[in-house]
Each structure stands twice: as structure tokens, then as C-alpha cells.
Amino acid sequence: MISFPKTLLDGYRMFRTRRLPTEQSRYRELSERGQSPEVMVIGCCDSRVSPEVIFDAKPGELFVVRNIANLVPVYAPDGGTHGVSAALEYAVQVLRVKHIVVLGHAQCGGIRAFVDKIAPLSPGDFIGKWMSMFIKPGEVVEQRAHESMQDFATRIEKAAVFRSLENLMTFPCVEILVSRGKLELHGAYFGVAEGSLFVLDKAAKEFQSVRATT
Ligand SMILES: [Zn+2]
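Cut-off values and rules
Position numbers for residues count from 1 along each chain, tracking the sequence in the order it is written. The model is predicted, so local features are restricted to residues of pLDDT at least 70 and side-chain atom pairs to those at 80 or more, both for listing and for counting; the totals for chains, interfaces and linings are taken over all residues. To obtain the side-chain values, all non-hydrogen atoms of the structure were used and water was disregarded. A run of H or I in DSSP counts as a helix once it spans at least four residues, and a run of E counts as a strand once it spans at least two, with each numbered from the N terminus. By definition here, a helix of n residues has an expected span of 1.5 Å times n minus one. By definition, a residue's bend is the angle between the axes fitted to the seven residues ending there and the seven starting there. For every residue, the accessible area obtained with a 1.4 Å probe (protein chains only) is divided by the maximum for its type, and the residue is called buried under 20%, exposed over 50%, and partly exposed between those limits. Strand pairing follows a simple DSSP-based rule, namely that at least 2 bridges must link the two strands. Lines fitted to C-alpha atoms define the axes, with helix axes restricted to the stretch in contact, and inter-axis angles between N-to-C directions lie between 0 and 180 degrees. Throughout, the arc means the angular range of directions from the helix axis out to the C-beta atoms. By the convention used here, residues are in contact when the closest approach between their heavy atoms is within 4.5 Å. Donor atoms (N, O, S) are those found within 2.8 Å of the metal centre, with the cutoff raised to 3.2 Å for Na, K and Ca; water is not part of the atom list, so apparent gaps in a site can occur. Here, a salt bridge means any side-chain nitrogen of Lys or Arg that lies within 4 Å of a carboxyl oxygen of Asp or Glu.

S.K.: Just checking my understanding: could you explain helix α1 (residues 6–33) for this structure?
M.R.: An α-helix turns once every 3.6 residues. As a result, residues three or four positions apart point the same way. Spanning 28 residues, α1 covers only 33 Å between terminal C-alpha atoms, well under the ideal 40 Å at 1.5 Å per step. The largest bend in α1 comes to about 70°, at L20, with the proline P21 one to four residues further on. What α1 keeps buried is the set L9, L20 and E23. Remark: G34 follows α1 within two positions and exhibits a positive phi of approximately 85°.

S.K.: What exactly am I supposed to notice about the sheet that holds strand β4 (residues 184–191) here?
M.R.: Note on sheets: strands pair through backbone hydrogen bonds, and any given pair is parallel or antiparallel. With mixed pairing, six strands are arranged side by side in an open sheet as β2-β1-β3-β4-β5-β6. Either end of the sheet is taken by a strand with one partner, and the two such strands are β2 (62–67) and β6 (206–209). For this sheet, the mean inter-axis angle between neighbouring strands, taken without regard to orientation, is 30°. Strand direction decides the pairing type here: strand β5 (residues 196–201) and β6, joined by four bridges, are antiparallel.

S.K.: Looking at this model, I keep getting lost on the pairing of strand β3 (residues 99–105). Mind explaining?
M.R.: The side chains of a regular strand alternate, first on one face of the sheet and then on the other. Among the seven residues that make up β3, six are buried, leaving the element largely enclosed by the rest of the structure. In this structure, strand β1 (residues 39–44) lies alongside β3, joined through four bridges in parallel fashion. When the bridges of β3 are listed, V39 appears paired with H99. Pairing analysis gives seven bridges linking β3 to β4, with the strands arranged parallel. Note that in β4 the partner of H99 across the bridge is E184.

S.K.: Sorry if this is basic, but what is going on with helix α3 (residues 83–94) here?
M.R.: Helix length check: α3 (12 residues) gives 16 Å between terminal C-alpha atoms against 16 Å at 1.5 Å per residue, within 8%. When we look at burial in α3, the residues that qualify are V84, S85, A87, L88, A91 and V92. Viewed end-on, α3 has its buried residues packed into an arc of 160°, placing them on one side of the element. Along α3, exposed side chains directed more than 90 degrees from the buried face belong to G83 and V94. The inward-facing, buried residues of α3 contact β1, β2, β3, α5 (126–132), α6 (149–168) and α7 (172–179). Just downstream of α3 lies R96, where phi reads positive at about 55°.

S.K.: So what exactly am I meant to see when it comes to the coordination of the zinc ion here?
M.R.: Tetrahedral coordination by four donors places them ideally at 109.5 degrees to one another around the metal; octahedral coordination by six donors ideally gives 90 or 180 degrees. Coordination of the zinc ion by the protein involves C44 (SG), H105 (NE2) and C108 (SG), with metal-donor separations of 2.0 to 2.3 Å. Read in sequence order, the donor residues for the zinc ion give the motif C-x60-H-x2-C. Assessed through its relative accessible area of 2%, C108 is described here as buried.

S.K.: Help me understand the environment of I156 in this model?
M.R.: Along the chain, I156 falls in helix α6. If we ignore the near neighbours within four places in the chain, the residues touching I156 are I111, F114, V115, F134 and V141.

S.K.: Could you clarify how one ought to interpret the pattern of salt bridges in this entry?
M.R.: For side chains bearing opposite charge, pairing can occur when the charged atoms are close. This structure, assessed with the given rule, holds 12 salt bridges. Residue E38 is joined to K98 by a salt bridge in which the shortest nitrogen-to-oxygen separation is 3.7 Å. Linking E38 in the loop between α1 and β1 with K98 in the loop between α3 and β3, this pair joins segments that are 60 residues apart in sequence. What makes E38 partly exposed here is its relative accessible area of 43%. Judged by relative accessible area, K98 falls into the partly exposed class, the value being 42%. Ionic pairing is found between R112 and D116, a salt bridge with its closest N-O pair at 3.2 Å. One end of the pair, R112, and the other, D116, are both in helix α4 (residues 109–116), four residues apart, so they sit about a helical turn from each other. Sharing partners across several salt bridges, the network here consists of K136, E139, R163 and E166.

Next comes the structure, spelled out in C-alpha cells:
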């Protein structure tokens, strides 16, 4: 216990005294009945982009998987160990979530590493291999003429959401439920500095700002 981070211990005590009293019955009920979240969120590991915080979620409401740059791999039943695919399978086939939200964000370090082609992308490193799934075979992703590095990164951060949504549909269990209208896929993008949220209008292929008040 000595080396356990003090901030976490302090945070836990705050949780016990402030939050738990208001959530105790919910926790007990979730413990007895099990979880039944209706929403799965696929987000980035980034410490600034916590889905539970952004969506003000209560315990049991969101089934969350986070990875570098909120990427979903293509369906690949190749006998390998696939963390995101396993989480997806559990969410869709066991929990029967009704919505899957891919949550991208501004200033994504994974995307920045990808567009900068910086050191972590050297062969043998995990990030490079992981980010390479963003690219389709034969696809070239390059900075456009007159496009700043910032704009390039933002464009790719949003493209990563599109790609993950596209890849989700390669999973037969997802494709079937979407076609039957029992599962909906959504894209969103979080602006870290302003705390702003943009939701993907799939028909228009554009992210639209969500008003802070209704
Ligand atoms: Zn990120």
C-alpha cells in the first residue's frame, strides 16, 4: 500500500464519501442483476477523453473499450488474440447493446504519431503496428498541399472514426444486427480544449456540434 499512488487513494476515499452514498443502491442492484448497458463506447486511451466523464455516465451505463486512437480492427477470425474484437463480441452478443459509439478526439497522440511518422512507428514497436491497421492495403494517406500539420492531424482523427465504423461492419454479428435495425453505430469527436462534442451525421458525412443546452 505504501507505493500505491496517493492521488488514487485520495480519489477512492472521495468516491466512498461523496459518490458511493448516492450510488450504493445502484451498485447493489448491478451486483445482483448483472450489467445491462445499452451503449458501448470505443474510445482512445487518452487520459483527457474519459467517456464516463464526457457523457456523465452512471455505473453500469457504458460498456467501454479504449485503445490507442479508438481503432476497430477488421474482422479477422485467425486464431489470434484480439482484445477489441473480444470486447465487441461480448457487448454485441452477450450484453446486446443497442448502440456503439466510436469516440475520436482532438490532439490524439496516436494519430499524431501516425501523421508525423515519428520514432514510435519504427518496425517492431507496438504503436506502429497498431496504427497500421488504419490503412487499407494499397491506400496512401498523405498531407495535402497547403494543409497544415494541425489540419492534417484533425482530418485523420476524424477519418479514424469513419474507418472504425467501416471496420465494425466487417463483423458478421454487427452487420446482421445493424441490418435488422437492432443495433446502431455512431461516430463522435471530442474537442479537448473546449470540452466540445461533435456527433457524426452519417448521411452528410460531417461532424455536427452538439449544443451544450437543449
Ligand atoms: Zn487519442
